[in-house]
Amino acid sequence: MHTVKHWFNDSLIGQGLVVFGLGVGLNALLRHDEHPAMWLVQGTVYTVVAMVAVVIRRRRTSRATGASPDAIAGLDRKIRHHEVPNDPEERAVMRRLVDEHLGKMERGKRWLPFWMAFMGLIVVAMFVLAATSGGSLLFPLAFAVFMAAFCAWILWMRRRSLAMNRGMRTALRERG
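(A) Representation of the side chain of S11 in the model. Within the element layout of this structure, S11 appears in the loop between α1 (2-10) and α2 (12-30). Polar contacts involving the side chain of S11 include one to the main-chain amide nitrogen of G14, which spans 3.1 Å.

Pasting the structure below:
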């Protein structure tokens, strides 16, 4: 199980298979009236878009830290598990990676309230549309609950990621 988990974390093929399976499964669940070939085509499109985004993100991070794109996933895993590398070069790369992550979060902090307000505006707009069209308020209510949970999850993951990266920065300073 441990090896499979690492394979899905490190391998673009493994991540692509997960995205493809989720895309086909969600299409089959939500669009059951369409032909199954369309599920596969749409799942493939979702997979290509997601994998291009992952490759671009890894290459940008690779340029900023000096690590190879393949090593980024392993270093991120070490940050999550709070494993400080013994090799001084790897520690230097991890220092730059932690600084890159923290810098991205600090830059994104400025826009976070606006994104949260925008999501709230979407929820309010759905309630207004449902109320003015005479439709049921059940879907907007369910959407509002989903959006509230999604926003709470975003804030929780951001706080957790900040704590992990700050903890790793401290551990790397102590280690030298």
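(B) Just helix α3 (residues 36-65), in detail. With 30 residues, α3 should reach 44 Å at 1.5 Å per residue; the first-to-last C-alpha distance of 43 Å fits that figure. Of all the residues in α3, the buried ones are W39, Q42, G43, T47, M51, V54, R58, T61, S62 and T65. Downstream of α3 by one or two residues, G66 has phi in the positive range, about 90 degrees.

(C) Here's a closer look at the packing of helix α5 (residues 88-109) against helix α7 (residues 138-175). The contact between α5 and α7 brings their axes to 10 Å, and the two run at 145 degrees. Between α5 and α7 lies a crossing of left-handed hand. Counted together, R91, M94, R95, V98, D99, H101, L102, M105, E106 and K109 of α5 and R158, S161, L162, N165, R166, M168, R169, L172 and R175 of α7 form the full contact between these two elements. In terms of residue class, the contact of α5 with α7 is made up of 7 nonpolar, 3 polar and 9 charged.

(D) Structural detail: helix α6 (residues 112-133). Here α6 spans 32 Å end to end across 22 residues, near enough to the 32 Å set by a 1.5 Å rise per residue. Three or more residues of α6 are buried, namely L112, M116, M119, V123 and A130. Viewed end-on, α6 has its buried residues packed into an arc of 65 degrees, placing them on one side of the element. The exposed set on the far side of α6, more than 90 degrees from its buried face, consists of P113, F114, L121, L129, T132 and S133. The secondary structure elements touched by the buried residues of α6 are α5 and α7. Directly after α6, the chain includes G134, whose backbone phi takes a positive value near 80 degrees.

Rules of the game
- Residues numbered from 1 in each chain as written.
- Predicted model: local features only at pLDDT ≥ 70, side-chain atom pairs only at ≥ 80, totals over all residues.
- Heavy atoms only, no water.
- Helix = DSSP H or I, 4+ residues; strand = E, 2+ residues; numbered from the N terminus.
- Polar contact = N/O pair within 3.5 Å; in protein donor to acceptor, adjacent residues only side chain to side chain.
- Expected span 1.5 Å × (residues − 1).
- Buried < 20%, exposed > 50% of the residue type's maximum accessible area, 1.4 Å probe, protein only.
- Axes fitted to C-alpha atoms, helices over the stretch in contact; angles between N-to-C directions.
- Left-handed = near helix turned anticlockwise from the far one by under 90°.
- Contact = heavy atoms within 4.5 Å.
- Nonpolar A, V, L, I, M, F, W, Y, C, P; charged D, E, K, R; others polar.
- Arc of directions from axis to C-beta.

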